[in-house]
Amino acid sequence: MSTETDDTRADRIPDTPLFDRARGLKGYKINKMAMSLVDPAKREAFAADEEAFLDSYGLAPEEKAAVLARDWQEMVRLGGNLFFILKISAVDPVPITAIGAAQASMEHGAFLRDRLGKK
């Protein structure tokens, strides 16, 4: 039996994961790992050996694969809060517009042109 009401179903955006309590609980480990990257020492450890760093937070194989691939959509689908997983981009660094393009399933140049009006 679903706990959703007609109102909550109506608020959903097609093909967009809703970050609700259930998804937040599911993504606890990935979010905790990502938030730890505010610490420069943690960023250094992550950059030095990403797999070991992810293992230290107990990430599931699919979570690890998403982080290693920088698959932003998959991280969100797995319960990652976009504001938390953006901390990962501080290590690479990945332009936030590239993450926006990935979220929109668009090529970066097309995203800049079509969504942001940049030439």
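See the structure shown above.
Residues numbered from 1 in each chain as written. Predicted model: local features only at pLDDT ≥ 70, side-chain atom pairs only at ≥ 80, totals over all residues. Heavy atoms only, no water.

With respect to the pattern of salt bridges
Applying the stated criterion across every chain yields a total of six salt bridges. A salt bridge links R70 to E50, with the nearest nitrogen and oxygen atoms 2.8 Å apart. In this pair, R70 is assigned in the loop between helix 6 (61–69) and helix 7 (72–77) and E50 in helix 5 (residues 50–56), connecting sequence segments 20 residues apart. Measuring nitrogen to oxygen at the nearest pair gives 2.7 Å for the salt bridge that ties K64 to D55. Linked through salt bridges whose partners overlap, the residues forming this network are E50, R70 and D92. (Salt bridge = Lys/Arg side-chain N within 4 Å of Asp/Glu carboxyl O. Helix = DSSP H or I, 4+ residues; strand = E, 2+ residues; numbered from the N terminus.)

A few points about the side chain of E63
Tracing the sequence through the fold places E63 in helix 6. Buried charge without a partner: E63 forms no salt bridge, and the closest opposite charge is K29, 6.4 Å away. Apart from the residues lying within four places of it in its own chain, the contact partners of E63 are K26, I30 and L78. (Buried < 20%, exposed > 50% of the residue type's maximum accessible area, 1.4 Å probe, protein only. Lys, Arg positive; Asp, Glu negative; His and termini not counted. Contact = heavy atoms within 4.5 Å.)

Side note on the packing of aromatic side chains
Applying the stated rule across the entire model yields two aromatic pairs. When the centroid spacing of 5.5 Å and the interplanar angle of 80 degrees are considered together, the rings of F46 and F53 count as edge-to-face. Since its relative accessible area comes to 6%, F53 is described here as buried. With 5.2 Å between their ring centres and 50 degrees between their planes, F53 and Y57 make a pair best called tilted. (Phe/Tyr/Trp six-rings, centres within 6.5 Å; stacked < 30°, edge-to-face > 60°.)

Structural measurements only, silent on function.
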